[in-house]
Amino acid sequence: MISCIRVFRNLACLHRAVAGVRWNSSFKPAPLLTAAPVRALIDEHISIKGRFLPPQSPITVCAQMQSDEGDLWESFAHYNTNADGTVNLSRDHSVGGLYLGCEPMGLFWGLQPAPGSREGLRLRKKNVETPYVMLLSLLEGHVSPSERKTTELAAVSTERWYMAPGVRRTEIRQDGVVGTLFFPPGPGPFPAVLDLWGMGGGLVEYRAALFASKGYASFSLAYLGHKDLPGPHNRVNVGDPYFKSAYRILQDHRQVVADRIGIVGLSFGAYLSLRIATRVGVKPSCLVCINGPVGSTMLTHADGRTENFENEQRYWRFDDQGCVSFKEMSLPANLPPESKVKLEDLPCPLMYIVGEDDLSTSSMENANLIEQTLRAAGKSQLFTLLSYPGAGHLIEPPYTPNSRVSLWSFKPRKLYTLWGGQPASHAAAQQDAWKKILDFLDSHLRR
């Protein structure tokens, strides 16, 4: 019995000795970078943290990703670690790089084309069924990603999606209408959104995919510059009946609540949204118009078809670098009276969003005209104005980078257009506007 006790005592001493060795070990864990969640929607916040770093030392946090076209985009910011060897982008302030201050999502909205990239790039998701894959890394010192001989301390990747799991995508080629329908998971029926973009043309799906991820049936509609539409592709060759047919396709779908449909339009799409609501013979439940005019200098047909955009150049203005601004084209005084929407006939609530640094559309002047007209018609209660200092023309879903200038066209000449927007101010506007757009839609489509 005594020998057994001695054995147990010896084992206990050995255990304490080993434990003491472990506790006093000089072993240090490797630097660690985490991003949570690692898979998220494009408008969701990502928490980025670094641990096990040298205390109170300079580091660089870097993000890199490839666009669908294969171009490299990157961003970086300089931080100093805390006394405990950590950095937390939701808490700590950047002291240099592409943004300053506490900007938890600065690496995302601060993305820029990498040095040596093609000129005039604008980041737009072409394939919404795949994510953006972003590589986040910690670098030693205050450096830029392009510098050589930088030491990478840790790295992690994260996926950014426009389509939530279970969202369904269906191409529409019906009665001459070209678009893409998105439906949330489940049988529905769902409130719905008709989604309209501007004169850049083509079929732009990513905002509609995100609307579906938020619970709305959404219909991204092409009306210009698409191979399945009548040519030529540099003008709008479809008129009011086309937009009425598109609205009816959405309205008649068995998974759509027919009397709960909103329209969201950016730029020329904002004008089309107003036109559809007042001329086309449909009754949307609400409108969201972003930086768009109330008429068009390009309209030459009563049903809304246009001539070649390049033919309307008298109001084009160029800066010292040869980049063009279309802002004067949309001044209310320059819009033909016959093209202007009869705003007094507006049948539903309207949220109008202004970027005060918009270099492409005279947004504030158009907003003022809308407000004055609705007030005179006794409909001021229908109007909601959001105005953002420092925001440009392209107010899109949050945490996506703004292009102040981008390539507009190759033919008949290479043309770069000005959009405006200061990076941090524009990013803040996108974040706030998106939340208020969703709240506005929710209040009028989910009643």
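Our structure is the block above this text.
In this text, all values refer to a predicted model and were calculated from it rather than measured experimentally.

Caption draft 1: Quick peek at the packing of aromatic side chains. For the structure shown, the criterion picks out 11 aromatic pairs. Here the aromatic rings of Y99 and W109 are separated by 5.8 Å at their centres, their planes lie at 50 degrees, and the arrangement is tilted. Of this pair, Y99 sits in the loop between β7 (96-97) and α2 (106-109) while W109 is found in helix α2, placing the two residues 10 residues apart along the sequence. By relative accessible area, which is 5% here, Y99 ends up buried. Between F326 and W408 the ring centres are 5.4 Å apart and the planes differ by 65 degrees, which places this aromatic pair in the edge-to-face class. One end of the pair, F326, is in the loop between β18 (324-325) and β19 (350-355); the other, W408, is in strand β21 (residues 405-409), and 82 residues separate them in sequence. Assessed through its relative accessible area of 6%, F326 is described here as buried. Grouped by ring-pair contacts, the aromatic residues Y223, Y242, F243, F268 and Y271 constitute a single cluster.

Caption draft 2: Broad picture of helix α6 (residues 363-376). With 14 residues, α6 extends 20 Å between its outermost C-alpha atoms, agreeing within 8% with the 20 Å of an ideal straight helix rising 1.5 Å per residue. Within the sequence span of α6, burial applies to S363, N366, A367, I370 and L374. Looking straight down α6, one finds that the buried residues subtend no more than 100 degrees of arc, so they occupy a single side. Turned more than 90 degrees away from the buried face of α6 sit R375 and A376, all of them exposed. Among the structural elements, α5 (268-279), β19 and β20 (383-388) are those in contact with the buried residues of α6. Among the residues trailing α6, G378 stands out with phi positive, at a value near 75 degrees.

Caption draft 3: Summary view of the sheet that holds strand β14 (residues 217-222). An order of β11-β12-β14-β13-β15-β16-β19-β20 is seen for the 8 strands of this open sheet, with the pairing classed as mixed. Unpaired on one side and paired on the other, β11 (168-174) and β20 mark the two borders of the sheet. Here the strands of the sheet are splayed against their neighbours by 20 degrees on average, with no regard to which way each runs. By the bridge criterion, 6 bridges tie strand β13 (residues 190-196) to strand β15 (residues 256-266) in an arrangement that is parallel. Each bridged residue has a counterpart across the sheet, and for V193 the counterpart in β15 is G262. Those strands touched by α6 are β19 and β20, and its axis lies near 155 degrees from that of β19.

Caption draft 4: Just the packing of helix α3 (residues 206-213) against helix α7 (residues 423-445), in detail. Where α3 contacts α7, the two axes come as close as 12 Å, and the packing angle between them is 60 degrees. In terms of axis orientation, α3 runs oblique to α7. You can see that α3 and α7 cross each other, and the crossing is right-handed. Within the contact between the two elements, α3 uses R207, L210 and F211 and α7 uses W434, I437, L438 and L441.

Caption draft 5: Fine view of the side chain of S285. Locating S285 in the fold gives a position in the loop between α5 and β16 (286-290). Among the polar contacts made by the side chain of S285, one reaches the main-chain carbonyl oxygen of D259 at a distance of 2.9 Å. Every residue in contact with S285, bar those within four places of it in the chain, is listed here: D259, R260, I261, C348, P349, H444, L445 and R447.

Cut-offs applied
- The written sequence of each chain sets the order in which its residues are numbered from 1.
- For this predicted model, a pLDDT threshold of at least 70 governs which residues receive local features, and a threshold of 80 or more governs which side-chain atom pairs are given and counted, while totals over whole chains, interfaces and linings are taken from all residues.
- Excluded from the side-chain calculation are hydrogens and water; included are all heavy atoms of the structure.
- Note on aromatic contacts: the rings of Phe and Tyr and the six-membered ring of Trp form a pair at centre separations within 6.5 Å, being stacked when their planes are under 30 degrees apart, edge-to-face when over 60 apart, and tilted otherwise.
- Helix numbering and strand numbering both begin at the N terminus, where a helix is a DSSP run of H or I of at least 4 residues and a strand a DSSP run of E of at least 2.
- Relative accessibility decides the category of a residue: with a 1.4 Å probe and only protein chains considered, values under 20% of the type maximum give buried, values over 50% give exposed, and everything between is partly exposed.
- Multiplying one less than the number of residues by 1.5 Å gives the expected span of a helix.
- What the arc measures is the spread of directions leading from the helix axis to the C-beta atoms.
- Residue contacts follow a heavy-atom distance rule, with two residues in contact if any of their heavy atoms lie within 4.5 Å.
- Note on pairing: two strands pair once DSSP finds at least 2 bridges between them.
- The axes are straight lines fitted to the C-alpha atoms, using for helices just the contacting stretch, and the angles between their N-to-C directions are given from 0 to 180°.
- The cut-offs work like this: below 35 degrees is roughly parallel, past 145 is roughly antiparallel, 65 to 115 is roughly perpendicular, and the gaps in between are oblique.
- In this scheme, a crossing is called left-handed if the near helix is turned counterclockwise away from the far one by less than a right angle; it is called right-handed if the turn is clockwise.
- A 3.5 Å cut-off defines polar contacts: any pair of N or O atoms within that distance qualifies, except that in protein one atom must be a possible hydrogen donor and the other a possible acceptor, and neighbouring residues in sequence count only when both atoms are side-chain atoms.

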